[in-house]
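One letter stands for each residue in the lines below.
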Amino acid sequence: MAQYARTKGSIALITLTNPPVNALSAAVRKGITEAVARAFKDTRVKAVVLCGENGKFCGGADIREFAKAMSGPPLVPMIHAIEAGEKPVVAAIEEMALGGGLELALGCHYRVAHAKARLGLPEVTLGLLPAAGGTQRLPRLTGIPAALDLITTGRHISAQEALKLGIVDRVTEGNAVEAAVELALSVVGRPLAPRRLSNHATPLPADLDGVFEEVLVQVKRRARGAMAPVACAKAVRAAAELPYSRGLECERELMNTLFTSGQARALQYCFFAQRAAGKWSLPNGARWDNSRPRAVHTAGVIGLGTMGRGIAVCLVKAGISVVAVETEEKQLDSGRRAVRGMLERDAKRRGVTAPLHMITFTLSMQQLRDVDLVIEAVFEDMALKKSVFAELSRVCRPNALLCTNTSGLDVDELASVTDRPPLVVGMHFFAPAHVMKLLEVICGPRSSPETVATAMTLGKRLGKVSVAVGNCPGFVGNRMLKLYLDQAHFLLEEGASPEQVDQALEEFGFALGIFKVADLSGLDIGWRVRKAAGLIGPDVDPKFPSRHRQGRRYCPLPDLLCEQGRLGQKSGRGWYLYDSAGGKEARPDPAISSFLQEYRLRYGISARRITEQEVVERCVFVLANEGFRILEDGMAAAPEDIDMVYVFGYGWPRHRGGPMFHAAQVGLATVLQRLEFYHRQNPDIPHLQPSTLLRRLVGARSPPMQQWKQHIRSINSQL
Ligand SMILES: CCC/C=C/C(=O)SCCNC(=O)CCNC(=O)[C@H](O)C(C)(C)COP(=O)([O-])OP(=O)([O-])OC[C@H]1O[C@@H](n2cnc3c(N)ncnc32)[C@H](O)[C@@H]1OP(=O)([O-])[O-]
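Keep in mind that what you see is a predicted model, and the values were worked out from it rather than measured.

## Side note on the side chain of Asp 589
Position of Asp 589 among the secondary structure elements: in the loop between helix 21 (557-563) and helix 22 (590-602). A residue is classified by how much of its surface remains accessible, and Asp 589, at 8% relative accessible area, is buried. There is a polar contact of 2.9 Å between the side chain of Asp 589 and the backbone nitrogen of Ala 591. Not counting chain neighbours up to four residues away, the residues in contact with Asp 589 comprise Arg 566, Tyr 576 and Leu 577.

Okay, structure coming up:
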């Protein structure tokens, strides 16, 4: 809808009305079309101001309508009618002008923005391009490099940056609608032709080819295999080389290919799944909208290793005062230096003062007596964590929340040593914690609704995507990761090389192959976990370690590497070779190739040729298969939650939606059939055996994801 009013005698005020973000639904487009025609016809009206209800200009096209058949007036002719009109139209941009919203504003003759407004063309993040003339008008206004940057990244910019780029004409700290009305009154009678962006020639950079080549390299590096950024760059190129009307045709053709693509469906699915993840619920009826989070003003962080440092930085940046605790002077000093350095670098980048006063460093747990919440980030050892939690019980005030950053230990067991199990919850951050977007919130069986609500809300305040998960070994993310990693190791035994596996996974779209990730994280982490799980011990023959342990196939390769001191990047050697300890550039290592050959020879394994298809299917389908088991066990509330864990925490390519979405897109029957095939070949790998839920869903003719839960016969759901 759009409301029409006349103000100051000669200004038509058209207000977009479609909460929560005034998206351009069919009804809104119809409303704008009619209101603009009315204003142009009304002889009392000399100029028009377009604004949005509730202080929000427009969040763009209505994404919910993309899955439906198109209805109502299309955007392109509607914006053209505004631009071609004989009365000046001014956009009053409050809070946001995104996607179609900014394209609408670019069709207006003038733009006024509130100082706090954000502008952008984020269509690329939804697998699309700005196809309401945005790829043609913006380059004519800002020039090619700036337009390419905005359109291929989809980044939001501030009103001040928009002013610098010439996207808006004025920025106001006051009321943007009033400022737009003033501007409209002042421009009545001025020629409009120079204000019509489609009339402009596109300013061209000296080295046009070079600019495009560089952008294509960048977009391919950022999202390998993603179609939309490449299409965006092509559309901008059309603005450089073709007249406006032909550029628009090119924009439309490119959009047609993207609009129906699987990638666009996956990215739009991610948009809604990310928002759905915040709407948690527990079996006891507690939900995101009926449980009040506690206010958190002060927090304690215990342990200043890699994780604790990142967590402390996140908290301080969110305006929370932190007390950081270490056990020894040396660790405290290096932690202090690292945290301060991170805060200072971040502040420098943003041109502000580093909030160093918000964090204190101490060796005394007693300093935690007044904090609202504590996040424990000590070494991954149950006995150690239990002793910390027991002490926290004694030190902290009785209503302080106690959170653990464990990556897989039993949160309820930790809660049991405290005087307050309902106030204990898991907050699993991902390294580096101040960068990675995922937060797994582990709801222990005794965590209270208020505790879960506080952890979920705190995650959001820290800029994370918080996903509520159940309390099982490895929770959701690491439980699945273990099996994915196992497949990768088995593939090495069978004949693949680390670089071959990584290349196949990177071609699939993963930011980094699994062996590069393992080197980055440190191979000793998994080694310690396997030792703690009893998989490595004195009964394992060091010369000829068994390939079967605890009743299933086991790959000793990573253990053998660790025994050689190859711990990954930190030791300069892991699955790859690095220039030095801590080096970043991974190079294939001939020593690994001979090591694998010797290993196969020793165990009588004849190497076979492994295809890219097998690498991807075994790694990716085993992830989804475990995802189905997680749903059956009631450890995740919905497939969307599992997907968001993988997209935000494990470098899963967003344009493939997530492992569960991908399985649905490939076809559940195909996934089942391929898993059966691989399981027949490897009967000693139980995780290749298709899960009961997958079989049941295929038996029910693969219903849509929203209906999967109806096929779960779980009795003990934790979510
Ligand atoms: C020819 C076509 C060319 C044009 C293409 C486009 O314009 S493509 C579009 C280009 N535009 C974009 O890509 C912008 C996408 N939107 C955003 O980036 C953010 O939502 C925000 C910055 C606008 C507000 O952030 P925030 O943290 O304040 O709030 P929040 O994120 O939690 O959202 C609140 C509620 O609003 C909902 N909703 C939001 N936008 C849309 C929409 N366009 N549509 C429908 N719904 C939308 C959202 O689902 C949620 O609903 P729920 O869960 O309450 O039922």
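## With respect to the site of the ligand
By nearness alone, 23 residues border the ligand, and Gly 59, Ala 61, Gly 100, Arg 275 and Lys 279 come closest of all. One of the backbone N or O atoms of Ile 63 is found 3.0 Å from a nitrogen atom in the ligand. One nitrogen or oxygen atom from the side chain of Lys 279 is found 2.7 Å from an oxygen atom belonging to the ligand. Starting from 1000 Å² of accessible surface for the ligand in isolation, the protein chains cover 73%. For the shell around the ligand, the secondary structure elements donating two or more residues are strand 5 (96-98), helix 3 (100-107) and helix 11 (262-277). In terms of residue count, helix 11 provides more of the shell around the ligand than any other element does, three residues in total. Here the residues of the shell around the ligand are counted per class, giving 13 nonpolar, four polar and six charged.

## Let's talk about the packing of aromatic side chains
According to the stated counting rule, one finds 14 aromatic pairs in the structure shown. Between the aromatic rings of Phe 66 and Phe 259, the centroid separation amounts to 5.5 Å while the plane-to-plane angle is 70°, which identifies the pairing as edge-to-face. Of the two residues, Phe 66 sits in the loop between strand 3 (47-52) and helix 2 (75-84) while Phe 259 sits in helix 10 (residues 244-259), which places them 193 residues apart along the sequence. The partly exposed category is assigned to Phe 259, whose relative accessible area is 34%.

## Some remarks on the environment of Cys 472
With respect to the secondary-structure elements, Cys 472 resides in the loop between strand 17 (465-469) and helix 17 (477-494). By relative accessible area, Cys 472 is classed as buried at 8%. Counting along the chain gives 400 residues from Cys 472 to Gly 72, while the straight-line C-alpha distance between them is 49 Å. Once residues lying within four places of it in the same chain are set aside, the contact partners of Cys 472 are Gly 408, Arg 479 and Met 635.

## Some remarks on the nonpolar core
Leu 368, Leu 392, Val 501, Trp 575 and Phe 628 are the most contacted members of the largest nonpolar core, which has 107 residues in total. Per element, the largest residue contribution to this core is eleven residues, and it comes from helix 23 (residues 612-632). Discounting residues that sit within four places of it in the chain, Val 501 has contacts with Ala 488, Leu 491, Leu 492, Ala 496, Ile 514, Phe 515 and Val 615. Formed by 69 residues, the second largest nonpolar core is a distinct cluster that contains Val 28, Leu 104, Leu 197 and Cys 232.

## Quick notes on the pattern of salt bridges
Under the counting rule described, the total for this entry stands at 43 salt bridges. Here Asp 412 ties to Arg 446 by a salt bridge, and the two come within 3.0 Å at their closest N and O atoms. Of this pair, Asp 412 sits in helix 15 (residues 411-415) while Arg 446 sits in the loop between strand 16 (438-442) and helix 16 (449-461); the two residues are 34 residues apart in sequence, bridging distant segments of the chain. Judged by its relative accessible area of 38%, Arg 446 is partly exposed. The salt bridge involving Arg 608 is made with Glu 494; its shortest N-O contact spans 2.6 Å. Of this pair, Arg 608 sits in the loop between helix 22 and helix 23 while Glu 494 sits in helix 17, and the two are 114 residues apart along the sequence. Taken together, the shared-partner salt bridges connect Glu 493, Glu 494, Arg 547, Arg 553, Arg 608, Glu 614 and Arg 618 into one network.

Cut-offs used in this document
Residues numbered from 1 in each chain as written. Predicted model: local features only at pLDDT ≥ 70, side-chain atom pairs only at ≥ 80, totals over all residues. Heavy atoms only, no water. Helix = DSSP H or I, 4+ residues; strand = E, 2+ residues; numbered from the N terminus. Buried < 20%, exposed > 50% of the residue type's maximum accessible area, 1.4 Å probe, protein only. Polar contact = N/O pair within 3.5 Å; in protein donor to acceptor, adjacent residues only side chain to side chain. Contact = heavy atoms within 4.5 Å. Near = heavy atom within 4 Å. Areas by Shrake-Rupley, 256 points an atom, 1.4 Å probe, with all protein chains shown as cover. Nonpolar A, V, L, I, M, F, W, Y, C, P; charged D, E, K, R; others polar. Phe/Tyr/Trp six-rings, centres within 6.5 Å; stacked < 30°, edge-to-face > 60°. Core = buried A, V, L, I, M, F, W, Y, C linked by side-chain atoms within 4.5 Å. Salt bridge = Lys/Arg side-chain N within 4 Å of Asp/Glu carboxyl O.

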